[in-house]
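Listed here are the chains, written in short residue letters.
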Amino acid sequence: MTPTETIHSYKANSANPLYHFFWGIRFFFAGLRMLFRNSGLVALSLVPIVLTVVLLLLLTVGSAWLVGQFVSGWFVDDLKILAQLVTLALAMLLSYFLYLPLARVLLAPIAEAISRKTHLLYTGQAGFGADVNWLRAMKEGLKIAFLHLVVGGLALALNFIPPIGPIIGIIIAISLCGLDFLDVPLSARGISFRNKLGVVWQNKSVAFGFGAASYLMLLIPGVNLLSLPVGVIGATLLTDQLKTD
């Protein structure tokens, strides 16, 4: 039984929130299995993976180099190297938190292409009937990335309010992960931002389960590079099971 055959048994109208939560996790890993069983998806997914690595390297190494140039002549060489190393570490940390929002905007057209390819393989139907437009895709990505940064900033602030703050912060982060990935196939369908939020809210339990799986994957260095294609594929398989009208 293939991953796509397995997910046909999902009952979107079930009243059990735990049922939907665990199905959300299953949909994420169905995306992982489908990725490695289709060479076309692997080839297409290599593009965002490579571009993400390049983006992170430019951000981290570039920041360290700029600080090195800024302090050049002010300090002895030993302090200059120390400043570069500290900046590199801070830039890597910043890159870790900005990875998903940046990728969501800059790689939005490629993410939608992966979603359309997944939809074709799963349903045999080409596209979603929406305009294939790179600028539109990036604008939609910018909307969700802005929401991610605003709400994510609130989640970070809550970490300074123990003991309940960190728990709420993790819940928000998981919710945002689910929203980020589900937004891609919903955007590719041409659904408005407000209606996309409505679809996710109506299916919040399965979206939260999906977000939990993606959140845990994002915490693993190296492995998190797979999160974009895997999440998009899994989210597409999930939204193909939902009523999005």
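Colleague: How do you make sense of the overall build of the protein chain when you look at a structure like this?
Modeller: Within the protein chain, the secondary structure is distributed over ten helices and zero strands. Shown N-terminal to C-terminal, the secondary structure of the protein chain runs as helices and strands in the order α-α-α-α-α-α-α-α-α-α. For the protein chain, long-range pairs separated by at least 24 residues make up 77% of all intrachain contacts whose partners lie at least 6 apart in sequence. In the structure as shown, the protein chain presents an accessible area of about 12,800 Å², 72% of it carried by carbon and sulfur atoms.

Colleague: Explanation requested: the pattern of salt bridges in the structure shown.
Modeller: As a working rule, side chains carrying opposite charge can pair if their charged atoms are close by. Evaluated as defined, the whole model comprises six salt bridges. Put simply, glutamate 112 and arginine 116 hold a salt bridge, and the shortest N to O gap is 3.4 Å. Here the residue glutamate 112 and the residue arginine 116 both occupy positions in helix α5 (residues 108–123), the gap between them amounting to four residues, near one helical turn. Take glutamate 112 and arginine 116: they sit in the same class, and that class is buried. With its nearest N and O atoms 2.7 Å apart, the salt bridge here joins lysine 196 to glutamate 140. Residue lysine 196 is found in helix α8 (residues 193–202), and its partner glutamate 140 is found in helix α6 (residues 134–158); the two are separated by 56 residues along the sequence. Owing to a relative accessible area of 2%, lysine 196 belongs among the buried residues under this scheme. Since its relative accessible area comes to 12%, glutamate 140 is described here as buried. Through salt bridges with shared partners, one network takes in Glu140, Lys143, Asp183 and Lys196.

Colleague: Sorry if this is basic, but what is going on with the environment of asparagine 224 here?
Modeller: You can see asparagine 224 is positioned in the loop between α9 (204–218) and α10 (227–239). Between the alpha carbons of asparagine 224 and serine 214 there is a distance of 8.7 Å; along the sequence they are ten residues apart.

Colleague: So what exactly am I meant to see when it comes to the environment of tryptophan 201 here?
Modeller: Along the polypeptide, tryptophan 201 turns up in helix α8. Exposure remark for tryptophan 201: the relative accessible area of 59% places this residue in the exposed category. C-alpha separation for the pair tryptophan 201 and leucine 179, spaced 22 residues apart in sequence, amounts to 9.4 Å.

Colleague: Help me out: how do you make sense of helix α2 (residues 17–36) in this one?
Modeller: Counting along an α-helix, one turn takes 3.6 residues, and residues three or four places apart therefore face a common direction. An ideal rise of 1.5 Å per residue puts 28 Å on 20 residues; α2 measures up with 30 Å between its terminal C-alpha atoms. Among the residues of α2, His20, Trp23, Gly24, Phe27, Phe28, Ala30, Gly31, Met34 and Leu35 are the ones counted as buried. In a view along the axis of α2, the buried residues occupy a sector of 155°, so they form one face of it. α2 presents Leu18 and Phe36 as exposed residues on the side facing more than 90 degrees away from its buried surface.

Colleague: Help me understand the confidence of the model for the protein chain in this model?
Modeller: Reading fine detail from the predicted coordinates is not recommended where pLDDT is low. For the protein chain, mean pLDDT is 81; residues scoring 70 or higher make up 80% of the total. When pLDDT is averaged over each element of the protein chain, α2 comes out on top at 94 and helix α1 (residues 3–6) at the bottom at 58.

Colleague: Mind showing me how you'd approach the packing of aromatic side chains here?
Modeller: Two aromatic rings, taken as a pair, are described by how far apart their centres are and by the angle between their planes. Under the criterion given, the structure shown has ten aromatic pairs. Taking the centre distance of 5.4 Å and the plane angle of 55° together, the rings of tyrosine 10 and tryptophan 23 count as tilted. Of this pair, tyrosine 10 sits in the loop between α1 and α2 while tryptophan 23 sits in helix α2; the two residues are 13 residues apart in sequence, bridging distant segments of the chain. Like tryptophan 23, tyrosine 10 is buried. A ring pair is formed by phenylalanine 28 and phenylalanine 29, whose centres lie 5.3 Å apart and whose planes are at 85°; its orientation type is edge-to-face.

Colleague: Looking at this structure, I do not really get the side chain of threonine 118. What am I missing?
Modeller: Positionally, threonine 118 belongs in helix α5. Polar side-chain contacts of threonine 118 include one of 2.9 Å to the backbone oxygen of isoleucine 114. Not counting residues within four places of it along the chain, the set of residues in contact with threonine 118 comprises Met34, Leu41, Ile233, Thr236 and Leu237.

Colleague: Honestly, α6 in this entry has me stumped. Any pointers?
Modeller: In this model α6 runs 36 Å from its N-terminal to its C-terminal C-alpha over 25 residues, within 8% of the 36 Å that 1.5 Å per residue would give. Within the sequence span of α6, burial applies to Arg136, Ala137, Glu140, Gly141, Ile144, Ala145, His148, Gly152, Ala155 and Leu158. By the N-cap criterion, in which a side-chain oxygen at the helix start approaches the backbone nitrogen of a residue two or three places on, α6 is capped by asparagine 133, the distance to leucine 135 being 2.9 Å.

Colleague: In this structure, what is going on with the packing of α6 against α8? I would like to understand it.
Modeller: Between two packed helices, both the angle of their axes relative to each other and the distance between the axes serve to describe the pair. The N-to-C vectors of α6 and α8 enclose an angle of 55°; their axes lie 11 Å apart at closest approach. The angle between α6 and α8 falls in the class oblique. Crossing of α6 against α8: the hand is right-handed. Between α6 and α8, the contacting residues are Glu140, Lys143, Ile144 and Leu147 on the first element and Phe193, Lys196 and Leu197 on the second. Grouping the amino acids of the contact of α6 with α8 by side-chain chemistry returns four nonpolar, no polar and three charged.

Rules of the game
Residues numbered from 1 in each chain as written. Predicted model: local features only at pLDDT ≥ 70, side-chain atom pairs only at ≥ 80, totals over all residues. Heavy atoms only, no water. Helix = DSSP H or I, 4+ residues; strand = E, 2+ residues; numbered from the N terminus. Contact = heavy atoms within 4.5 Å. Areas by Shrake-Rupley, 256 points an atom, 1.4 Å probe, with all protein chains shown as cover. Salt bridge = Lys/Arg side-chain N within 4 Å of Asp/Glu carboxyl O. Buried < 20%, exposed > 50% of the residue type's maximum accessible area, 1.4 Å probe, protein only. Expected span 1.5 Å × (residues − 1). Arc of directions from axis to C-beta. pLDDT = per-residue confidence, 0-100. Phe/Tyr/Trp six-rings, centres within 6.5 Å; stacked < 30°, edge-to-face > 60°. Polar contact = N/O pair within 3.5 Å; in protein donor to acceptor, adjacent residues only side chain to side chain. Axes fitted to C-alpha atoms, helices over the stretch in contact; angles between N-to-C directions. Parallel < 35°, antiparallel > 145°, perpendicular 65-115°, else oblique. Left-handed = near helix turned anticlockwise from the far one by under 90°. Nonpolar A, V, L, I, M, F, W, Y, C, P; charged D, E, K, R; others polar.

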